[in-house]
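Residues per chain, in single letters:
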Amino acid sequence: MNDITGQNQQINEQPTTPKIPVTVLTGYLGAGKTTLLNRILTQDHGRKYAVIVNEFGEIGIDNDLIVDSDEEIYEMNNGCVCCTVRGDLIRVLQNLMKRRGRFDAIIIETTGLADPAPVAQTFFMDEDVQTKTRLDAVVALVDAKHIMARLKDSREAEDQIAFADVILLNKIDLIDEPEKAGLLAVLAKINPHAIIHETTRAEISLDEILQRNAFDLTRILDDDPDFLNKSDHDHAHHHDHDHQCGTDCNDESHAHHDHSSTHGNLDTSVHGTTIETVSLRASELDPNKFLPWIDKITQIDGPDILRLKGIIAFKDDPDRFVVQGIHMILEGDHQRAWRSDEARTSRLVFIGRNLDREKLERTFAACAV
Amino acid sequence: MSTIANLENATYTQWAGFIDDIPVFADAQGFIRLLTGQEKSVNVHDGLLCAAPETDGKALVSGGEDGLICRLDANGNVSLVHQAATKWIDKIATGPAGTIAYGSGRRGQIILNSGDTREIALERSIEGLAFAPKGMRLAIARYDGVELQWINTDRSNQFLQWKGAHTGVMFSPDGAYVISLMQENALHGWRLKDNKHMQMTGYPAKVASMSWSHKGKWLATSGALAAIVWPFSGRDGPMGKAPKELAAMGKIMVTRVCCHPTADMLAVGYENGMITAVRIDDGQIVSLRREHNAAITTLNWDKAGTRLAFGSEAGEAGVITPA
């Protein structure tokens, strides 16, 4: 399962037609998924979409190619409870790809209660899906008015936010500024990496949500070198030396957090959230220590790790090594050479539950050269 | 040397074989083509997802995105068997005396040739369907096992349990074994008389194709860099025995297998479009089709075993007459 070496990618790399991008829309009932979907489908962008839904909503979806499938979560028979895939998506995607000329991209609309992990893992664990399609981005719609209540009573709402690459904070017109500030702080706490857009009636430039390549870590890091620094603003402030906060700092995420201590149970009582982020930072690492370490961490703590992302500087290695994971699934690959003006710093971020910050910090530090 | 008659289909070839000895090719778009004196093309579905020949070989039954189940005979005449609900019909199986079963998500039906129907309603999606050789029972692959449903009685299903996702199913020709395909690169088997389990693992890829040799002595499978052929002649089936690895062609994955109807040999299709035939006894290989760009998706012999129909992912299809 763990494919840290990237060897599989080379085997699968055939000079065939490009993979079809798949966008996953998550969000609670009433958050605006159908509105957004119809916006995507009716805009004049010249692209054709196939849409997979798990329940036909009351409001119709205006598209030629809609596939209704029964949500099927399949646990892989390997003794790991978090290695799950969506059996229905495997089948529908396989069948859709037999007639790929009909569409340019695929959108999956999940139910309000759907767990995004099996959906995302399907794209890494099923070889047939993996060779023909690629997960472009997970887009979460959040109902600004009701999300706080949702977060108190449902794990799914929190998971959907934690998994998102892009969050649409929708119905923003229904809340006032102080509410918004509080909400943004909560979102940043659950998922410091997601790009957040404030929207009304899901109005958004489609470029912001489609063709994102958000799961292509190589691209993310090239476009946004600060990507992995973002979480530092939030939780790892005490050992973040890049970011200097002055009195005029208006970073919302600062306002409501106590950075000085007890990161492990930060704010959870206040907001009712259970997901947190651990950001790790070190100088050069020893691959012979780091690779077995991350393997072991994900094997042991995989069920609690929702996503992990990192960029690693290995000793005597001119290239940056990028790594990302979902639960126990790991992908790692060399990216590009470190530039002379870059500090060879290793950074790794975990988003998850019950993360043992002290253990992660200590064992990560032990991977240093 | 083999002779090959080639067709170019527009899309993925779902099924290639012989109906009443006429070569027939069904593609994913919904066109079924018959290679009679002149080529005949019939648009049967708006999107064809599954097809299976009737057990007497006189018709091809198919299901599609349009929720239709259709029957096509060797003259190209199409009749509507059933119109189902809105969801895709992506699983179909045929049994003796014209019995048909189809699956569409968690629902399906058994359609008897009298026109009577019996409902299939499961908690999990129908992933595979196969009738027992005598047609009295239907095996239904689903998550965590295989259901055995009776055709003519309301007796409750027998459930063959094995943890994991079962994505396809087949009976052995003598009805003694049920074999399922699994999501995790393996087969699972049950011996029905005592429910004994058989695990057939070690595949580097998902197994998409399996085929029984003509007397049921061997079970050939895809999913590896060779055709993996399990011995079933002993008392305990393949338990404790190693399979034969046949027709390996370097690092090229086998995607399709089809055993010959009268001899202990099989046709093997590969991910690069190549096709070979291999004798089970001594592993001797004959090349039937050279490398092309797309994986072989379907292989079927005619009744006499003199012609082999094939189709590929890119829609190439044809008939090979081995020398």
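Residues numbered from 1 in each chain as written. Chains lettered and ligands numbered in written order. Predicted model: local features only at pLDDT ≥ 70, side-chain atom pairs only at ≥ 80, totals over all residues.

Chemist: Kindly report on the overall build of chain A, identifying the contributing residues and their values.
Modeler: Regarding its fold elements, chain A presents 14 helices and 14 strands. Across the 369 residues of chain A, 46% fall into the buried class. Intrachain contacts of chain A at a sequence separation of at least 6 include 75% that bridge at least 24 residues. (Helix = DSSP H or I, 4+ residues; strand = E, 2+ residues; numbered from the N terminus. Buried ≥ 20, exposed ≤ 12 C-beta atoms within 10 Å, placed from the backbone. Contact = placed C-beta atoms within 7 Å.)

Chemist: Describe the overall build of chain B, and please don't skip the residues or the numbers.
Modeler: Tallying secondary structure elements over chain B gives 0 helices and 30 strands in all. Its C-alpha radius of gyration of 19 Å places chain B within 12% of the 20 Å reference for a compact globule of 323 residues. Taken across its 323 residues, chain B has 51% of its residues classed as buried. For chain B, restricting intrachain contacts to residue pairs at least 6 apart in sequence, the fraction spanning at least 24 positions comes to 41%. (Rg over C-alpha atoms; globule rule 2.2 N^0.38 Å.)

Chemist: I'd love a proper account of helix H13 (residues 287-301) of chain A, names of residues and values included.
Modeler: Residue and element names in this part refer to chain A. Compared with an ideal rise of 1.5 Å per residue, which puts 15 residues at 21 Å, H13 spans 20 Å between its outermost C-alpha atoms and is within 8% of the ideal. Every buried residue belonging to H13 is among Phe290, Leu291, Ile294, Ile297, Thr298 and Asp301, and all of these are buried. Each buried residue of H13 sits inside an arc of 135° when the element is viewed along its axis, so together they form one side. Looking at H13, the residues exposed on the side facing more than 90 degrees away from the buried face are Asn288, Pro292, Lys296 and Ile300. Taken together, the buried residues of H13 touch strand S11 (305-313), strand S12 (319-326) and strand S13 (329-337). (Expected span 1.5 Å × (residues − 1). Arc of directions from axis to C-beta.)

Chemist: Requested: an account of the nonpolar core, with residues and values cited.
Modeler: If you look at the biggest cluster of nonpolar residues, it comprises 196 residues, and the most contacted ones within it are Ala227 and Leu266 of chain B. There are two domains that each give this core at least three residues, and those are domain 1 (7-214) and domain 2 (219-365) of chain A. Aside from chain neighbours lying at most four places away, what touches Leu266 of chain B is Ser211, Ala220, Ala227, Val257, Cys258, Cys259, His260, Val278 and Ile280 of chain B. (Core = buried A, V, L, I, M, F, W, Y, C linked by C-beta atoms within 7 Å. Domains from an automatic or database assignment.)

Chemist: I'd like a rundown of the confidence of the model for chain B, residues and numbers included.
Modeler: Per-residue confidence for chain B averages 94 on the pLDDT scale, and 98% of its residues sit at or above 70. If you check the scores for this complex, the pTM reads 0.87 and the ipTM reads 0.95. (pLDDT = per-residue confidence, 0-100.)

Chemist: Account for the interface of chain A and chain B, with residues named and values stated.
Modeler: The interface of chain A with chain B comprises 17 residues on the first partner and 23 residues on the second. Secondary-structure elements contributing two or more residues to the side of chain A that touches chain B are strand S3 (66-68), helix H3 (87-97) and helix H5 (127-132) of chain A. Considering every element that reaches the side of chain A that touches chain B, the biggest residue donor is H3 of chain A, with 4 residues. Residue composition of the side of chain A that touches chain B, grouped by class: 3 nonpolar, 5 polar and 9 charged. (Nonpolar A, V, L, I, M, F, W, Y, C, P; charged D, E, K, R; others polar.)

Chemist: Kindly report on the sheet that holds strand S12 (residues 107-111) of chain B, identifying the contributing residues and their values.
Modeler: All names here are of chain B. Read from one edge to the other, the open sheet built from 4 strands follows the order S10-S11-S12-S13, with strand pairing classed as antiparallel. With partners counted over all chains shown, the strands left at the sheet margins are strand S10 (91-94) and strand S13 (117-121), one partner each. Averaged over all adjacent pairs, the angle separating strand axes in this sheet is 15°, with direction ignored. Bridge count between S10 and strand S11 (residues 100-104): 4 bridges; the pairing is antiparallel. Looking at S11, one finds that Ala93 is bridged to Ala101. (Pairing = 2+ DSSP bridges. Axes fitted to C-alpha atoms, helices over the stretch in contact; angles between N-to-C directions.)

Chemist: Explain the confidence of the model for chain A to me, and be specific about the residues and the numbers.
Modeler: One rule of thumb: low pLDDT means the predicted coordinates there are not for detailed reading. Residues and elements named next belong to chain A. Here chain A averages 81 in pLDDT, while 79% of its residues score no lower than 70. Element-level mean pLDDT values for chain A span from 34 in helix H11 (residues 252-255) up to 96 in H3. Low pLDDT (under 50) marks residues 1-15, which in the prediction has 18 contacts with non-local residues, meaning those over four places away or in another chain. This stretch, residues 231-270, has a pLDDT under 50; its non-local contacts, to residues over four places away or in other chains, come to 50 contacts.

Chemist: Give a description of the pairing of strand S17 (residues 177-182) of chain B that names residues and reports values.
Modeler: Residues and elements named next belong to chain B. Counting buried positions over the 6 residues of S17 gives 6, a clear majority of the element. Covered by surrounding structure in S17 are Tyr177, Ile179 and Leu181 together with Val178, Ser180 and Met182, the residues of both alternating faces. Summarising the sheet, strand S16 (residues 158-171) and S17 pair through 5 bridges and their orientation is antiparallel. For Gly168, the partnering residue across the bridge sits in S17 and is Leu181. The turn joining S16 and S17, which pair antiparallel and follow one another in sequence, is formed by 5 residues; a positive phi near 75° is taken by Gly175. Where S17 lies against strand S18 (residues 186-191), 6 bridges are found, and the strand directions are antiparallel. Bridged to Met182 within S18 is Ala186.

Chemist: Which residues make up the pairing of strand S22 (residues 227-231) of chain B, and what values go with them?
Modeler: Residues and elements named next belong to chain B. With 4 of 5 residues buried, S22 lies mostly within the body of the structure. As judged from the 4 bridges shared by strand S21 (residues 218-221) and S22, these two strands associate in the antiparallel manner. Bridge pairing in S22 places Trp218 opposite Pro231. Counting the residues between successive antiparallel strands, the hairpin from S21 to S22 contains 5 residues, one of them, Gly223, with a positive phi of roughly 95°. Sheet topology note: the S22/strand S23 (residues 244-246) ladder contains 3 bridges and is antiparallel. Pairing of Val229 across the sheet is with Lys244, part of S23.

Chemist: An account of the packing of helix H4 (residues 116-125) of chain A against helix H7 (residues 155-163) of chain A is needed here, citing residue identities and associated values.
Modeler: Residues and elements named next belong to chain A. Relative orientation of the contacting elements H4 and H7 amounts to 35°, with a least axis distance of 9 Å. On H7, the residues that touch Pro116, Ala117 and Ala120 of H4 are Asp159, Gln160 and Phe163. Classifying every residue of the contact of H4 with H7 by side-chain character gives 4 nonpolar, 1 polar and 1 charged.

Chemist: Please give an account of the environment of Thr117 of chain B that cites residues and values.
Modeler: Residue and element names in this part refer to chain B. Turning to its location among the elements, Thr117 is positioned in strand S13. It is 25 Å that separates the C-alpha atoms of Thr117 and Ser180, two residues lying 63 residues apart in sequence. Once residues within four sequence positions are removed from consideration, Thr117 is found in contact with Gln109, Ile110 and Ile111.

Chemist: Tell me what's going on with the environment of Met253 of chain B, and back it up with residues and numbers.
Modeler: All names here are of chain B. Looking at the secondary structure, you find Met253 in the loop between S23 and strand S24 (254-259). Judged by local crowding, Met253 falls into the partly exposed class, with 17 C-beta atoms found within 10 Å. C-alpha of Met253 to C-alpha of Glu271: the two residues are 18 residues apart in sequence and 5.5 Å apart in space. Ignoring anything within four residues of it in the chain, the contact list for Met253 reads Ala205, Leu225, Tyr270 and Glu271.

Chemist: Tell me about the sheet that holds strand S9 (residues 78-83) of chain B, and please be specific about residues and values.
Modeler: All names here are of chain B. Taken in spatial order, the 4 strands line up as S6-S7-S8-S9 in an open sheet, and their pairing is antiparallel. Both outer strands of the open sheet, strand S6 (48-53) and S9, are each paired with one neighbouring strand and no more. If you compare each strand with its neighbour and ignore which way they point, the axes differ by 25° on average. Relative to S9, strand S8 (residues 68-73) runs antiparallel, the two being bridged by 5 bridges. Bridging across to S9, Arg71 finds its partner in Ser79.

Chemist: Outline unusual backbone geometry, supporting the account with residue identities and numerical values.
Modeler: Residues other than glycine seldom take positive phi values, yet His327 of chain A does so here, at roughly 50°. Here His327 of chain A lies in the loop between S12 and S13. You can call His327 of chain A buried: it has 25 C-beta atoms within 10 Å. Positive phi values are uncommon outside glycine, yet Ala247 of chain B reaches one of about 60°. By secondary structure assignment, the location of Ala247 of chain B is in the loop between S23 and S24.

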